[in-house]
Amino acid sequence: MRVRPDILRTYQGVHTWTGIIAGLVLFIGFYAGSLTMFKYEIQQWAEPISVPVTDPKSTNYQALIDKAIEQYPAQMAAGFELDLLTSDAPLSWYTQGQARGMELDNQLQTAHLHEQQLVLNEQAEHKLADLIDYLHRTAGFIGEIGHDQSGVYILGIAAGLYFLALVSGVIILLPTLVKTFFALRKEKGPSRFWLDSHNLVGIASLPFHLIIAFTVVVFAFHDLIYGGLAQFYGDKPLFERTPPAAQAYNISELTPIDTQILAAKRYAPGYEPIHVSYNALSSTSPSALFKMSNKNAVSRGPDTDYLAINPYNLEVLYTSYPQGEDSFWGNFTASLFSLHFGTYGGDWGRWAYFIMGLFGAFLFYSGNLLWLDKRMKKDAHKTSTHVMAKLTIGVCLGSILAVVAVLLLAKWANLLIGNINHHYMLCYYLIFFISLAYSFKQGTNKASYNGLITLSILTACLPISSAIQGLSDLALLPYYNSYSVDFIALIFSAGFFFIAKRLKQKSVKDKIILDHKTIEFVR
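S.K.: Account for the overall build of the protein chain, with residues named and values stated.
M.R.: Summing up its helical and strand segments, the protein chain has 17 helices and twelve strands in all. Looking at the protein chain as a whole, 45% of its 523 residues are labelled buried. For the protein chain, the proportion of contacts with a sequence separation of at least 24, taken over those separated by at least 6, is 67%. When the accessible surface of the protein chain is totalled, it reaches about 27100 Å², and 62% of it is carbon and sulfur.

Given below as structure tokens:
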């Protein structure tokens, strides 16, 4: 296919600058996003090993709820959580904070039955999984705009630029796509090999990247979109709401939990309730929000679909389910959410999204390196190019180092400190900015090598920590089930060490000399 040279130059400029502007932000979003596919497994890995206190198959949830209502009516009426899958205490309520938002001081009261007696335990709500998701949604930018984080809007803008970069990149490749799609021409030098790898990953995963770009923009600016749509509705509400009851309900009249579960299953055949959140049970607008799981169906949420009912009369208040063939927009929206979250295809789908997320991070990193290599050859003394080189190494390696350091902190601090959520945040930003400063101080060559070696050591410490804690109390070892996390950490540790070794062994001809300093990029 032939494309006019002036058109190619225009789109090449668009592709280059949109990629450079958005690349570092999106690198963090994609890297953290790949980890969110297994964030609950990571959270479980970081928790101290404990003996199960309940069995979800035999737990009498009704007896548990009745006993808790009898002893703590005010707390239960305000709202509580019921986990139908856990082997820990299934009942909990917030004594401080709430479920929504990234609150670091949340305190939970957990409860379970032992010999028909209510056993209570107050603990901090650990936010390790939420921190990973926070980095995925905001790239670490702090502050709020309205009721959402500022980083969400920044990432939304970056996703818009990312979409332009994808489209322009495809146009650039059209003339040579058939000939060079699977070509990895390492014999023509590292620059050509990196360019071929960049193009291959970009084109092969193009549908994935297009849907991610589109959905991120929608997620970031959904309030503005709804606000715009509301102008066409006038006085009619955009979303129908169930009117409140004439008088407040009494928690003592709560419908039995088994009846509620059965009603949820009847409404959504094939789905299994796994968690229930009760809210405002002594008000005129009580609700029970069911998380409904079906591994063979697309879902609206990151893990499940949602069904909200009135826990007294079992009236459906809200649902995220596709509503059959007659609800085109409901099905379409659910599909978009599922395509973004990777909630289809079971564990194979999660692993595919994990790998594609890492490839996405590679796409932005390699794009920056290609731009830097080209700029260095034109003018090796340009300050802006030098700054971008240090930013690329500092931000990319710094963000990965910071996340691994937080994981290691969580593994040990969970044994010693009640609430370590503030320490998570402090550790992440401290390591990130130290890595960034080190890159600017020591140069990209030294920062790359030392950063990769440090990363390899820290990542190796994750399974070592698991082994030390497991061997320190052999009685708890049978209850440990996070071996997959340790195994993946070992693979990444070996990978980081291999890249560092290759970087150290690079020949002099692949180095770029700038102001008597050696700059090397990880190729």
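On we go from here.
S.K.: So what's going on with the packing of aromatic side chains? Residues and values would help.
M.R.: Summed over the entire model, instances satisfying the criterion amount to 23 aromatic pairs. Between Phe-38 and Phe-354, the aromatic rings sit 5.8 Å apart at their centres with planes inclined by 75 degrees, giving edge-to-face as the arrangement. You can see Phe-38 sitting in the loop between helix 1 (5-36) and helix 2 (39-46) and its partner Phe-354 sitting in helix 13 (residues 346-378), a full 316 residues away along the chain. Each of the two residues, Phe-38 as well as Phe-354, counts as buried. Considering the side-chain rings of Phe-354 and Phe-492, the 6.3 Å spacing of their centres and the 80 degrees angle between planes classify their relative orientation as edge-to-face. A residue pair is termed long-range when its members are at least 10 positions apart, and Phe-354 in helix 13 and Phe-492 in helix 17 (residues 483-504) qualify at 138 residues. Joined through ring pairs, the aromatic side chains of Phe-30, Tyr-162, Phe-208, Tyr-353 and Phe-364 make up one cluster. Residue placement shows Lys-411 over the ring face of Trp-45; its charged tip is 4.5 Å from the ring centre. The ring of Tyr-449 is capped by Lys-504, whose NZ or CZ atom sits 4.7 Å from the centre of that ring.

S.K.: So, the pattern of salt bridges: which residues are in play, and what are the values?
M.R.: Pairing is possible between side chains that carry opposite charge, provided their charged atoms lie close to one another. Under the definition given, this model contains seven salt bridges. Here Arg-350 makes a salt bridge to Glu-41, at a shortest N to O gap of 3.0 Å. Placement of Arg-350 in helix 13 and of Glu-41 in helix 2 is noted, with a sequence separation of 309 residues between them. Note on Arg-350: relative accessible area 21%, which makes it partly exposed. Across the salt bridge formed by Asp-133 and Arg-137, the nearest N and O atoms sit 3.1 Å from each other. Within this pair, Asp-133 and its partner Arg-137 are both found in helix 5 (residues 128-138), separated by four residues, close to a single helical turn. Overall, the relative accessible area of 18% leaves Asp-133 in the buried class. For Arg-137, a relative accessible area of 31% corresponds to the partly exposed category.

S.K.: So what's going on with the confidence of the model for the protein chain? Residues and values would help.
M.R.: Across the protein chain, the average pLDDT comes to 84, with 87% of residues at 70 or higher. Contacts of residues 507-523 to residues separated by more than four positions or lying in other chains number 48 contacts, the stretch itself having pLDDT below 50.

S.K.: How would you explain the nonpolar core if you had to name every residue and give the values?
M.R.: Residues Leu-26, Phe-30, Leu-128, Tyr-162 and Tyr-428 are the most contacted members of the largest nonpolar core, which totals 79 residues. Considering every element that reaches this core, the biggest residue donor is helix 14 (residues 383-413), with 17 residues. Excluding anything up to four places from it in sequence, Leu-26 contacts Leu-155, Ala-158, Ala-159, Tyr-162 and Phe-364. Counting residues in hydrophobic clusters, the runner-up holds 32 residues, among them Leu-84, Leu-254, Ile-257 and Ala-297.

S.K.: Can you explain the packing of helix 2 against helix 5? Please cite residues and give values.
M.R.: Running from N to C, helix 2 and helix 5 cross one another at 140 degrees; their axes reach a closest spacing of 8 Å. Relative to helix 5, the element helix 2 is oriented oblique. Judged by the twist between their axes, the crossing of helix 2 over helix 5 is right-handed. Counting all contacts with helix 2, which are made through Lys-39, Ile-42, Gln-43 and Ala-46, the residues of helix 5 involved are Leu-128, Ala-129, Ile-132 and Asp-133. Residue classes in the contact of helix 2 with helix 5 are distributed as five nonpolar, one polar and two charged.

S.K.: Go over the sheet that holds strand 2 (residues 91-96) with me, naming the residues and quoting the values.
M.R.: With respect to topology, eight strands assemble into an open sheet ordered 4-3-2-1-7-8-9-10, the strand pairing being antiparallel. Edge positions in the open sheet fall to strand 4 (117-124) and strand 10 (316-319), since each of these has one partner strand only. With direction set aside, neighbouring strand axes in the sheet form an average angle of 25 degrees. The sheet contact formed by strand 1 (residues 79-83) and strand 7 (residues 272-279) spans five bridges and is antiparallel. Along strand 7, the bridge assignment pairs Asp-83 with His-275. Along the sheet, helix 3 (residues 61-71) contacts strand 1, strand 2, strand 3 (107-114) and strand 4; its crossing angle with strand 3, the most-contacted strand, is approximately 120 degrees.

S.K.: Lay out the packing of helix 5 against helix 15 (residues 421-442) in plain terms, naming residues and giving numbers.
M.R.: Two packed helices can be described by the angle between their axes and the distance between those axes. At a minimum axis separation of 10 Å, helix 5 and helix 15 run at an interaxial angle of 40 degrees. With respect to each other, helix 5 and helix 15 are oriented oblique. The way helix 5 lies across helix 15 gives a crossing that is right-handed. Along the contact surface, helix 5 presents Leu-128, Leu-131, Tyr-134 and Leu-135, while helix 15 presents Tyr-424, Met-425, Tyr-428 and Tyr-429. The class makeup of the residues in the contact of helix 5 with helix 15 is eight nonpolar, no polar and no charged.

S.K.: Account for the environment of Ala-494, naming residues and giving values.
M.R.: Its place among the elements puts Ala-494 in helix 17. Sequence separation between Ala-494 and Ala-460 is 34 residues, and the spatial gap between their C-alpha atoms is 8.2 Å.

S.K.: Quick one: what's the story with the environment of Gly-357, residue by residue and with numbers?
M.R.: Tracing the chain through its elements places Gly-357 in helix 13. A relative accessible area of 4% means that Gly-357 is categorised as buried. When near neighbours in sequence (up to four residues on either side) are disregarded, Gly-357 contacts Phe-30, Ser-34 and Phe-208.

S.K.: Just give me the short version of unusual backbone geometry, but keep the residues and values in it.
M.R.: Notably, Glu-115 is not glycine yet its phi reads approximately 55 degrees, a positive angle. Positive phi, close to 65 degrees, is recorded for Leu-314, a residue that is not glycine. Position of Leu-314 relative to the elements: it lies in the loop between strand 9 (305-309) and strand 10.

S.K.: Describe the pairing of strand 1, listing the residues and the values that go with them.
M.R.: The element strand 1 is largely enclosed, with a buried count of four among its five residues. Pairing geometry for strand 1 and strand 2, over two bridges, is antiparallel. Residue Glu-81 lies in a different strand from strand 2, and its bridge partner there is Ser-92.

Analysis parameters
- Residues numbered from 1 in each chain as written.
- Predicted model: local features only at pLDDT ≥ 70, side-chain atom pairs only at ≥ 80, totals over all residues.
- Heavy atoms only, no water.
- Helix = DSSP H or I, 4+ residues; strand = E, 2+ residues; numbered from the N terminus.
- Buried < 20%, exposed > 50% of the residue type's maximum accessible area, 1.4 Å probe, protein only.
- Contact = heavy atoms within 4.5 Å.
- Areas by Shrake-Rupley, 256 points an atom, 1.4 Å probe, with all protein chains shown as cover.
- Phe/Tyr/Trp six-rings, centres within 6.5 Å; stacked < 30°, edge-to-face > 60°.
- Lys NZ or Arg CZ within 6 Å of the ring centre and 35° of its normal.
- Salt bridge = Lys/Arg side-chain N within 4 Å of Asp/Glu carboxyl O.
- pLDDT = per-residue confidence, 0-100.
- Core = buried A, V, L, I, M, F, W, Y, C linked by side-chain atoms within 4.5 Å.
- Axes fitted to C-alpha atoms, helices over the stretch in contact; angles between N-to-C directions.
- Parallel < 35°, antiparallel > 145°, perpendicular 65-115°, else oblique.
- Left-handed = near helix turned anticlockwise from the far one by under 90°.
- Nonpolar A, V, L, I, M, F, W, Y, C, P; charged D, E, K, R; others polar.
- Pairing = 2+ DSSP bridges.

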